[in-house]
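# Observations on the model geometry
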Amino acid sequence: MVRWAVTPAGSDTTPAGDTAPRDQGSLVALARATLDGNWEHDHTVPSRTLYPHQWSWDSAFVAIGWAHLRPDRAWTELTSLFDAQWRDGRVPHIVFNPAVADSAYFPGPRFWASATVEGAPATATSGLVQPPVHALAAWHAYRRAPSEYARAALGRLYPRLVAQQRYLTTRRDVGGAGLASIVHPWESGLDNSPAWDDPLAAVPAEAAVLRAYRRRDIVHAAAAHRPTDLDYARYVAIVTAYRAANYRDDDLIDRHPFLVECPLFNAALGAAESALAHIAEEIGADPGPHRQRAARITTALVDRLYDPTTGTFHPRDLRTGRLTPARTVLGLTPLILPDLPPRQVEAILVEAGSPRFGLAERMARPLPSHDRTAADFEPLRYWRGPSWMNINWLVRRGLLAHGQPRLAVGLGTSMVELAATAGCHEYFHPDTGAGLGSPAFSWTAALLLDTLTEDQGRAPC
């Protein structure tokens, strides 16, 4: 077990109700208390403030944490999410709790109107997806706590994970080159990243459209920390267009206003196939097709999204055919692909270690979500600068996969120091480490716990 040396911050930025312990035992206790406090009857809410429902990739990350504490909850978490899987294989990015009022979160179930769509589950959901990190999480959770119970749960989940992959690699391959397209910035998980500025600018919308709605996010967080009203107006316009076609994916190129191939989304897609190969071997299925698909996705991602001029990965806007220019943390995430070619691995390491991101064996500052040397770097605004535990965790897995344990330890120590400084916040200031967004955030707790209890230099699951 790693014994992390936690460096105290120079100021106490922890809000009332969220403690910031400085020793490993207290950090584990904080993570446990956070997960226990956010547990519902069959899933974990991201937080008790802004997010009262179940979110897709949140549940994947949370399952990793539960594997250390209550492995039964890890499998219940994933099963409850996949119980809301659509007939076409999509796993919705929000599963709504029917006991929560529609007005408690915007956009709520009435806005999505999934009940009117053929093939949607009985439970109200959104019509979008999020990065397919679920197979990776399931395999990781199984490796953390293997048992006959877990193997049986993994076997039951396997065909659902395969259906998810099939949906993304067929219906969402809008560009025809073997990559999945996202139809909304929310599907990337990095909602208002500068990576989407150019594609979003082409979406017609006016901030005044939001007068018909009430944003709940700026009730719980400062407006200066969240996406702008114009961003939200465009988000609403994109969902409205997708909903008007009953969330169909045929002919998207002819009618949908936002279509992008995202590096993180497709890296997760490829990593999922690699994880499914391991799962298939464990349950007695054929791993070969998964390995073949993982290799094809990796090749397509390098061919389509790697820019040799900048030496990093960028999203491709299918509306213009161009790579978007912003240098964001998305460009580092293909490290999670186990067969990423050495040239691209080295390029990512150069990018990650540059002043833009500051990855090092001893981190001076947290890993930001956007190039901190860029003119549009915003240290307080959501995905336009702040540091996020889930992205750090993915990058760390990639570092271990590609033989960089010292850098992985440096990043892991930085992750632990964030929680030791500010508690289990949703995200963190990329310079000071101050906690931002919702306190007592589930995936922060789950991935903190995983980082604390991992053997140093252990090969990734």
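Just above, that's the structure.
Presented here is an overview of the structure given in this document.

## Digging into the overall build of the chain
Across its full length, the chain holds 17 helices and nine strands. Out of the 461 residues belonging to the chain, those deemed buried represent 62%. Here the chain has roughly 16,400 Å² of accessible surface; of this, 50% comes from carbon and sulfur atoms.

## Considerations on the side chain of Gln-165
For Gln-165, the location among the structural elements is in helix H6 (residues 148-170). Looking at Gln-165, the relative accessible area reads 3%, which means it is buried. Among all residues touching Gln-165, those that are not within four sequence positions of it are Pro-132, Leu-269, Ala-272, Glu-273 and Leu-276.

## Considerations on the environment of Ala-60
By secondary structure assignment, the location of Ala-60 is in helix H2 (residues 56-69). Since its relative accessible area comes to 0%, Ala-60 is described here as buried. Each C-alpha atom, one on Ala-60 and one on Pro-132, is 8.9 Å from the other, the two residues being 72 residues apart in sequence. Not counting residues within four places of it along the chain, the set of residues in contact with Ala-60 comprises Leu-78, Val-133, His-134 and Ala-137.

## A short note on the sheet that holds strand E6 (residues 316-317)
Pairing in this open sheet of three strands is antiparallel, and the strands run E3-E6-E7 from one edge to the other. Two strands in the sheet have a free side with no partner beyond their single neighbour: strand E3 (260-261) and strand E7 (322-323). Direction of pairing for E6 relative to E7: antiparallel, over a ladder of two bridges. Each bridged residue has a counterpart across the sheet, and for Arg-316 the counterpart in E7 is Leu-323.

## Focus on the pattern of salt bridges
Evaluated as defined, the whole model comprises 25 salt bridges. Close ionic contact of Asp-450 with Arg-144 constitutes a salt bridge, the shortest N to O distance being 2.9 Å. In this pair, Asp-450 is assigned in helix H17 (residues 442-452) and Arg-144 in helix H5 (residues 134-144), connecting sequence segments 306 residues apart. Of the two residues examined, Asp-450 and Arg-144, each falls in the buried class. One salt-bridge network, held together by shared partners, links Asp-88, Arg-90, Arg-172, Glu-187 and Asp-249.

## Re the packing of H2 against H17
The contact between H2 and H17 brings their axes to 8 Å, and the two run at 45°. Taken together, the axis directions place H2 and H17 in an arrangement best described as oblique. Crossing of H2 over H17 shows left-handed handedness. Listed contacts from H17 to Trp-57, Asp-58, Phe-61, Val-62, Ile-64, Gly-65, His-68 and Leu-69 of H2 are Ser-442, Trp-443, Ala-446, Leu-447, Leu-449 and Asp-450. Here the residues of the contact of H2 with H17 are counted per class, giving nine nonpolar, three polar and two charged.

## Structural notes on the environment of Ala-280
Its place among the elements puts Ala-280 in helix H12 (residues 263-283). We classify Ala-280 as buried; its relative accessible area is 0%. For the pair Ala-280 and Tyr-158, spaced 122 residues apart in the sequence, the C-alpha separation amounts to 7.8 Å.

Thresholds, definitions, all that
- All residue numbers refer to positions counted from 1 along the written sequence of the respective chain.
- Since the coordinates come from a predicted model, pLDDT governs what is reported: local features require at least 70, and pairs of side-chain atoms require 80 or more to be given and counted, while whole-chain, interface and lining totals use all residues.
- Think of the side-chain values as coming from all heavy atoms in the structure, minus any hydrogens and water.
- In this text, helices come from DSSP runs of H or I with a minimum length of four residues, and strands from runs of E with a minimum of two, each type numbered from the N-terminal end.
- Exposure classes here rest on a 1.4 Å probe applied to the protein chains alone. A residue is buried below 20% of its type maximum, exposed above 50%, and partly exposed in between.
- Throughout, the Shrake-Rupley method with a 1.4 Å probe supplies accessible areas, and for residues the shown protein chains are the sole cover considered.
- The criterion used for residue contact is that any of the two residues' heavy atoms lie within 4.5 Å.
- Pairing between strands is defined by DSSP: at least two bridges between the two strands are required.
- For this analysis, a salt bridge means a side-chain nitrogen from Lys or Arg found within 4 Å of a carboxyl oxygen belonging to Asp or Glu.
- For every element, the axis is a line fit to its C-alpha atoms; helices are fit only across the contacting stretch, and the angle between N-to-C directions ranges from 0 to 180 degrees.
- Note that the term roughly parallel is reserved for angles under 35 degrees, roughly antiparallel for angles over 145, roughly perpendicular for angles of 65 to 115, and oblique for everything else.
- Crossing handedness follows the turn of the near helix against the far one: under a right angle anticlockwise gives a left-handed crossing, and clockwise gives a right-handed one.
- Three residue categories are used. Nonpolar comprises Ala, Val, Leu, Ile, Met, Phe, Trp, Tyr, Cys and Pro, charged comprises Asp, Glu, Lys and Arg, and polar comprises the others, including Gly.

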